[in-house]
Amino acid sequence: MSFKGIVRELMELKDGIGNISRTRFEGRRWRSHGRSHIAPDQGPLYALEQGKWEDLPPELLLDIIRRVEASETSWPARTVVVFCAAVCKSWRQVTKEIVQTPEQCGRLTFPISLKQPGPRESPIQCFIKRDRATSTFRLFFGLTPSEDENDKLLLAAKKIRRATSTDFVISLVADDFSRSSNAYVGKLRQVPTMSNFLGTKFTIYDSQPPCDATVKAKCRSSRRFHPRQVSPRLPACSYSIATVSYELNVLRTRGPRKLHCVMHSIPVSSMQEGGTAPTPYSFPHSSDESFSFQPVSQVLKDPAINFSSTSLSEPPANVSGEPLTLKNKAPRWHEQLQCWCLNFRGRVTVASVKNFQLVAAVEPHHNVPAAEQEKVILQFGKIGKDIFTMDYWYPLSAFQAFAICLSSFDTKPACE
């Protein structure tokens, strides 16, 4: 059978899988651009009769998937690579071994890629659409929105105002922001406390512990949910992985916004020559993944559940070593335009107080090369009404970059 014939049969097999899924979950709305295209590790997919695919010689299977992975490098064509992982467990295992991380290949394939560090050289370019009516934000892969609006959705967030806090709940899908769902990946929280009454500080929470971290989790009480909604293998926890703070500028005399990001889950050594950043390889709710959690001496109530709680005193999930700190790249004043300017290399076209570029804030004793100190790690800016670009590099992941950018959407009159 020719290579094209194999790919065509994989497409047909995928269609059959989709029909079974739609029958099983009748009445539920599915959107092709609003779902993450990856099959679960267990479920009705493996009940199909796939003998001729499952029994392929390992050498042939390895060659087929390698050729598919090398030929389909961009979305939506890269969906074929995901189809290979949905055939059966043996195909899935080989596909996961062949597909590299974004840091290695510069491509996004599986949902876990959104929590892995980006490439070191060229950025992963995305854009964000804001819907003011629903207070939602959608992160898409690509340079700019396409005319047919069939863009690849990466992440979605919903802004939820509460009596004691403001949350941006981040999900893999655009229509499910429940924290008991497997689609939940984390949140950005701004809580007005005595030390943060102006709302200039934010905390980023991850749904899974950082790699190689000594973690103290903030576990949510599961009494709010039905017992079947909570995984018996995984406690519902939030892990503080970063803090974002904006400098006060009440008199508006020091130029545009200034922000600092302390990445508790990324060591500053990752910016050194030969350094590496923590890289997860599966979600905690994946059936082939097992996590061992350290005992928590005291279970804290989640402020999202108990509205009377405003405490954010739980320690962050620090990795070994000093955490990486990011800061604004200083803009320059343009005399003719009478405004502050940054070189976004054509990716930002509209002046906005939200536009920024982040670089590493390091000291001489950190031994970070000068080129790395000047390198932009995240840039965000406006290109149209409710449309913004987001480009990120190593060591940030798409999830971390998206959460940082979401903080710029919250009103901060004291910083402008």
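Here the residue numbers are simple positions, counted from 1 along each chain's written sequence. Residues qualify for local features only when their pLDDT is at least 70, as the model is predicted, and side-chain atom pairs are given and counted only at 80 or more; totals for whole chains, interfaces and linings, by contrast, use all residues. In computing side-chain properties, one takes all heavy atoms of the structure into account and sets aside hydrogens as well as water.

### Looking at the overall build of the protein chain
Line of reasoning, step 1. Each helix and strand in the protein chain was counted, giving eight helices and 15 strands.
Line of reasoning, step 2. Per-residue burial for the protein chain yields a buried fraction of 49% across its 416 residues.
Line of reasoning, step 3. The criterion used for residue contact is that any of the two residues' heavy atoms lie within 4.5 Å. At a minimum sequence separation of 6, the contacts of the protein chain that also span at least 24 residues come to 64%. Secondary structure elements are defined from DSSP: runs of H or I of at least 4 residues count as helices, runs of E of at least 2 residues count as strands, and each element is numbered from the N terminus. Any residue under 20% of the maximum accessible area for its type is buried, any over 50% is exposed, and the rest in between are partly exposed; the area is computed with a 1.4 Å probe on protein chains only.

### Concerning the packing of helix α3 (residues 58-71) against helix α5 (residues 89-98)
Line of reasoning, step 1. Two elements in contact, α3 and α5, have axes separated by 10 Å at closest approach and are oriented at 50°. By the criterion of interaxial angle, the relationship of α3 to α5 is oblique. You can see that α3 and α5 cross each other, and the crossing is right-handed. Mapping the contact onto sequence places L61, L62, I65, R66 and E69 in α3 and S90, W91, V94, T95 and I98 in α5.
Line of reasoning, step 2. In this classification, Asp, Glu, Lys and Arg are treated as charged, Ala, Val, Leu, Ile, Met, Phe, Trp, Tyr, Cys and Pro as nonpolar, and every other residue, Gly included, as polar. When the residues that make up the contact of α3 with α5 are grouped by side-chain class, the tally is six nonpolar, two polar and two charged. Orientation is described by lines fitted to C-alpha atoms, with helices fitted over the stretch in contact, and by angles between N-to-C directions that extend from 0 to 180 degrees. In what follows, roughly perpendicular refers to angles from 65 to 115 degrees, roughly parallel to angles under 35, roughly antiparallel to angles over 145, and oblique to any angle outside these ranges. Two helices that cross are described as forming a left-handed crossing if the nearer one is turned anticlockwise from the farther one by less than a right angle, and a right-handed crossing if clockwise.

### A few points about the packing of aromatic side chains
Line of reasoning, step 1. Aromatic rings from Phe, Tyr and Trp, with only the six-membered ring used for Trp, were paired whenever their centres fell within 6.5 Å, and each pair was classed as stacked if the ring planes differed by under 30 degrees, edge-to-face if by over 60, and tilted otherwise. Counted according to the given criterion, the structure contains eight aromatic pairs.
Line of reasoning, step 2. When the centroid spacing of 5.7 Å and the interplanar angle of 80° are considered together, the rings of F380 and F409 count as edge-to-face. Of this pair, F380 sits in strand β14 (residues 378-384) while F409 sits in the segment after α8 (398-407); the two residues are 29 residues apart in sequence, bridging distant segments of the chain.
Line of reasoning, step 3. Accessibility expressed as a relative area gives 0% for F380, which makes it buried.
Line of reasoning, step 4. Under the relative-accessibility criterion, F409 is labelled buried at 8%.
Line of reasoning, step 5. Pairing F388 with F409 gives two aromatic rings, centres 5.0 Å apart and planes at 85°, and the pair type is edge-to-face. Separated by 21 residues along the polypeptide, F388 in strand β15 (residues 387-392) and F409 in the segment after α8 bring together distant segments of the chain.
Line of reasoning, step 6. According to the relative accessible area criterion, F388 is buried, its value standing at 1%.
Line of reasoning, step 7. Each member of the aromatic cluster is reached from another via a ring pair, and the members are F137, F168, F356, F380, F388 and F409.

### Side note on the nonpolar core
Line of reasoning, step 1. For our purposes a nonpolar core is just a set of buried Ala, Val, Leu, Ile, Met, Phe, Trp, Tyr and Cys residues, chained together by side-chain atoms within 4.5 Å. One finds I128, L378, M390, F402 and I404 to be the most contacted residues of the largest nonpolar core, which totals 72 residues.
Line of reasoning, step 2. It is α8 that contributes the most residues to this core, eight residues altogether.
Line of reasoning, step 3. The contacts of I128, once residues within four sequence positions are left out, are F137, R138, L139, F380, D386, I387, F388, M390, F402, C405 and F409.

### Some words on empty space enclosed by the protein
Line of reasoning, step 1. A 1.4 Å probe that fits but cannot get out identifies a cavity on a 1 Å grid over protein atoms alone, an open set with protein on both sides within 12 Å along at least five of seven lines counts as a pocket, and a residue lines either if it has an atom within 4 Å of a point. Grid points are joined across faces, edges and corners, and a volume is the space filled by probe spheres set on the points. In the structure shown here, the tally under the stated rule is four cavities of 30 Å³ or more.
Line of reasoning, step 2. Quantified by volume, the largest cavity comes out at close to 190 Å³.
Line of reasoning, step 3. In terms of lining, the largest cavity is formed by 17 residues, of which the most central are K115, S265, P278, P280 and Q400.
Line of reasoning, step 4. Elements with a minimum of two residues in the lining of the largest cavity: β9 (259-267) and α8.
Line of reasoning, step 5. Class assignment of the residues belonging to the lining of the largest cavity gives a composition of 11 nonpolar, four polar and two charged.

### Some thoughts on the side chain of T166
Line of reasoning, step 1. For T166, the location among the structural elements is in strand β4 (residues 166-171).
Line of reasoning, step 2. Classification of T166 by relative accessible area gives buried; the value is 6%.

### Details of the pattern of salt bridges
Between side chains of opposite charge, pairing is possible as soon as their charged atoms come close.
Line of reasoning, step 1. Criterion for a salt bridge: a side-chain nitrogen of Lys or Arg within 4 Å of a carboxyl oxygen of Asp or Glu. Overall, the coordinates contain 12 salt bridges when judged by the stated rule.
Line of reasoning, step 2. For D386, the salt bridge goes to R130, with nearest N and O atoms at 2.9 Å. Here D386, found in the loop between β14 and β15, pairs with R130, found in strand β1 (residues 124-131); they are 256 residues apart in sequence, far enough to count as distant.
Line of reasoning, step 3. A relative accessible area of 12% means that D386 is categorised as buried.
Line of reasoning, step 4. Judged by relative accessible area, R130 falls into the buried class, the value being 15%.
Line of reasoning, step 5. Overlapping salt bridges, with partners in common, bring together R162, D167, R179 and R189 in one network.

### Regarding α8
Line of reasoning, step 1. In terms of burial, α8 is largely enclosed, as 10 of its 10 residues are buried.
Line of reasoning, step 2. Residues of α8 that are buried include every one of A398, F399, Q400, A401, F402, A403, I404, C405, L406 and S407, and no others.

### Things to note about α3
Line of reasoning, step 1. The end-to-end C-alpha distance of α3 is 20 Å, a good match for the 20 Å that 14 residues give at a rise of 1.5 Å each.
Line of reasoning, step 2. What α3 keeps buried is the set L61, I64, I65, V68 and E69. Burial along α3 is one-sided: seen end-on, the buried residues are contained in an arc of 125°. Counted as exposed and oriented over 90 degrees from the buried face of α3: E59 and A70. Expected helix span is given by 1.5 Å per residue-to-residue step, counting one fewer step than there are residues. Working definition: the arc comes from the directions between the helix axis and the C-beta atoms, pointing outward to the latter.

### Describing the environment of P267
Line of reasoning, step 1. Mapped onto the elements of the fold, P267 is located in strand β9.
Line of reasoning, step 2. Owing to a relative accessible area of 9%, P267 belongs among the buried residues under this scheme.
Line of reasoning, step 3. Separated by 54 residues in the primary sequence, P267 and G321 have C-alpha atoms spaced 5.8 Å apart.

### Focus on the confidence of the model for the protein chain
Line of reasoning, step 1. You can read pLDDT as the predictor saying how much it trusts each residue, on a scale of 0 to 100. Overall, the prediction assigns the protein chain a mean pLDDT of 76, with 68% of residues at 70 or greater.
Line of reasoning, step 2. For residues 287-314, every residue scores under 50 in pLDDT, and the model assigns this stretch 56 contacts once sequence neighbours within four places are set aside.

### Details of the pairing of strand β10 (residues 323-328)
Line of reasoning, step 1. Summarising the sheet, β9 and β10 pair through five bridges and their orientation is antiparallel. Pairing of P267 across the sheet is with P323, part of β10.
Line of reasoning, step 2. Following DSSP output, two strands are said to pair if at least two bridges run between them. Inspection of the sheet shows β10 paired to strand β13 (residues 356-360) by three bridges, in the antiparallel sense. By the bridge assignment for β13, L326 is matched with A360.

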